[in-house]
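# Tertiary structure, described
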Amino acid sequence: MTTSTAPTWFSSPAEAARRLDAVGYLTDTPTATTAYLAGALEKPLLLEGPAGVGKTELAKAVARATGAELIRLQCYEGLDEARALYEWNYKKQLLRIQATNADQDWEQTHDDIFTDEFLLTRPLLTAIRRSEPTVLLIDEVDKTDVEVEGLLLEILSDFQVTIPELGTVEAVRRPFVILTSNASRELSEAVKRRCLYLHIAYPEAARETEIVRSHVPEISDRLAGQLVAMIGRLRELELKKAPSIAESVDWARTLVALQIGKLDDAAVTRTLGVVLKHHSDHERAIRELKLAR
Ligand SMILES: Nc1ncnc2c1ncn2[C@@H]1O[C@H](COP(=O)(O)OP(=O)(O)OP(=O)(O)O)[C@@H](O)[C@H]1O
Ligand SMILES: [Mg+2]
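By the naming in an unreviewed UniProt entry, the protein goes by MoxR family ATPase and is assigned to Nocardioides cavernaquae.

In structure tokens form, the structure reads like this:
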């Protein structure tokens, strides 16, 4: 069995909130509770929610808060075992075979070249072989093909990887696993069953104002409040892409850079490109919020 863990992660939801806060990630109660549980139960955590609400950032914040190393597997269409798990270093194996003296039997050569020395480890395998605390971020898992989920199952449930030529590699120490998804497709039930689940939505205005202020301390409380209120109104419109926390923060930086002290119609229209990234969204916002051009 695995030799896990002294309380590497968080000792309570409140402590999780405090430590995440201290590294710049402001949580609400559900997020802090789930972050605590994922560590305490050693269960992978699946984060779902719209773009830019802080899914990836939560994984980074857990790593910062706990001093663990972050290992990231960025998912994309076409990601395969060789990129996600491990791959044999064929070139090196060939060189070894060429260098082997001719009378060595094949069995011996085979045993030589399928050893650790010839293994190229990719993020999943790297994460479970580490003896130091590790946060494994499997980012945007909905972007992969369904087959990759099959690959993940062994890791998510047993924290192990089977390499036919080497045998089963068990986790030396269980990583804190976070999977993120935009829900662009449903993940398999098999993956979901092995994870804790947290839906991250757009934050309440008060918390978003705090987030904005923590990223852009130069902005006044009042302006941050106005900005977040306007972001809230924009999110209520039927836009192609609603503004996220990332856009709120960018907007705050923009207003500071332009030395705009008050968010009136003119200021909004002038800087709308920071928050809305589709022409049709601009048109709609100007029309429906009756912004003067
Ligand atoms: N709770 C929070 N506290 C502090 N900053 C936050 C918080 N949530 C989000 N942010 C900020 O918002 C930005 C966007 O977050 P992040 O990149 O994690 O989004 P995401 O949910 O992973 O989006 P995507 O689905 O597009 O990858 C980050 O730069 C982060 O600093
Ligand atoms: Mg992300």
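## Here's the deal with the overall build of the protein
When you go through the protein residue by residue, the secondary structure sums to 14 helices and 9 strands. A principal-axis box enclosing the C-alpha atoms of the protein has dimensions of 85 × 40 × 35 Å.

## Re the site of ligand 1
Around ligand 1 lies a shell of 16 residues, among which Ala51, Gly54, Lys55, Thr56 and Glu57 are the nearest. Among the elements of the structure, helix 3 (55-66) and helix 12 (245-257) are those that each provide at least two residues to the shell around ligand 1. In terms of residue class, the shell around ligand 1 is made up of 8 nonpolar, 6 polar and 2 charged. Two domains share the shell around ligand 1, each providing at least three of its residues, namely domain 1 (13-76 + 127-199) and domain 3 (205-288).

## Quick notes on the nonpolar core
Membership of the largest hydrophobic core comes to 75 residues, with the highest contact counts inside it found for Val62, Leu124, Ile138, Ile178, Val212, Leu227 and Ala252. Ranked by residue count, the leading element in this core is helix 11 (residues 221-236), at 7 residues. Shared between two domains, this core takes at least three residues from each, and those domains are domain 1 (13-76 + 127-199) and domain 3 (205-288). Beyond its immediate stretch of four places on either side in the chain, valine 212 contacts Ile219, Ala224, Leu227, Val228, Ser248, Val249 and Ala252.

## Observations regarding the domain arrangement of the protein
Each assigned domain of the protein is listed with its residue range as follows: domain 1 (13-76 + 127-199), domain 2 (86-121) and domain 3 (205-288). Summarising the inter-unit geometry, the C-alpha centres of domain 2 and domain 3 are found 58 Å apart.

## Observations regarding the pairing of strand 7 (residues 167-170)
Consecutive residues of a regular strand have side chains that alternate between opposite faces of the sheet. Here 4 bridges tie strand 6 (residues 160-163) to strand 7, and the two strands are oriented antiparallel to one another. Along strand 7, the bridge assignment pairs isoleucine 163 with glycine 167.

## A few points about the UniProt feature "domain: AAA+ ATPase" (unreviewed entry) in the protein
The positions UniProt marks with the feature "domain: AAA+ ATPase" (unreviewed entry) are residues 41-206. For residues 41-206, the helix share is 37%, the strand share is 24%, and the end-to-end C-alpha distance is 31 Å.

## So, helix 1 (residues 13-22)
Buried within helix 1 are the following residues: Ala16, Ala17, Arg19 and Leu20. Residues of helix 1 that are buried sit in contact with helix 2 (29-40) and helix 3. Positioned one or two residues after helix 1, glycine 24 has a phi angle of 95 degrees, which is positive.

## Looking at the sheet that holds strand 1 (residues 45-48)
The pairing of strands in a sheet comes from backbone hydrogen bonds and takes either a parallel or an antiparallel form. Taken in spatial order, the 5 strands line up as 2-5-8-1-9 in an open sheet, and their pairing is parallel. Strand pairing shows two members of the sheet lacking a second neighbour, strand 2 (69-74) and strand 9 (196-199), which therefore form its edges. Pairwise comparison of adjacent strand axes, ignoring direction, gives a mean angle of 20 degrees for this sheet. Bridge count for strand 1 against strand 9 is 4 bridges, and the pairing is parallel. Residue pairing across strands places glutamate 48 opposite histidine 199, the latter belonging to strand 9. Each of strand 1, strand 8 (176-181) and strand 9 is contacted by helix 2, which is oriented at about 160 degrees to strand 9, the strand it contacts most.

## Quick word on unusual backbone geometry
Within the chain, glutamate 42 stands out as a residue other than glycine whose phi angle is a positive 55 degrees. Even without a glycine there, the phi angle at lysine 290 is positive, about 50 degrees.

## Remarks on the environment of proline 164
Take proline 164: it is sitting in the loop between strand 6 and strand 7. Given 6 C-beta atoms within 10 Å, proline 164 falls into the exposed group. With 50 residues separating them in the primary sequence, proline 164 and phenylalanine 114 have C-alpha atoms 9.9 Å apart.

## A look at the environment of glycine 52
Locating glycine 52 in the fold gives a position in the loop between strand 1 and helix 3. Along the primary structure glycine 52 and glutamate 117 are separated by 65 residues, whereas in three dimensions their C-alpha atoms are 40 Å apart. Ignoring sequence-local partners within four residues, the contact set of glycine 52 consists of Ser244, Ile245, Ala246 and Glu247.

The rules we used
Residues numbered from 1 in each chain as written. Chains lettered and ligands numbered in written order. Predicted model: local features only at pLDDT ≥ 70, side-chain atom pairs only at ≥ 80, totals over all residues. Helix = DSSP H or I, 4+ residues; strand = E, 2+ residues; numbered from the N terminus. Near = placed C-beta within 6 Å. Nonpolar A, V, L, I, M, F, W, Y, C, P; charged D, E, K, R; others polar. Domains from an automatic or database assignment. Core = buried A, V, L, I, M, F, W, Y, C linked by C-beta atoms within 7 Å. Buried ≥ 20, exposed ≤ 12 C-beta atoms within 10 Å, placed from the backbone. Contact = placed C-beta atoms within 7 Å. Pairing = 2+ DSSP bridges. UniProt positions renumbered as here; feature names shortened; annotations may be inferred. Axes fitted to C-alpha atoms, helices over the stretch in contact; angles between N-to-C directions.

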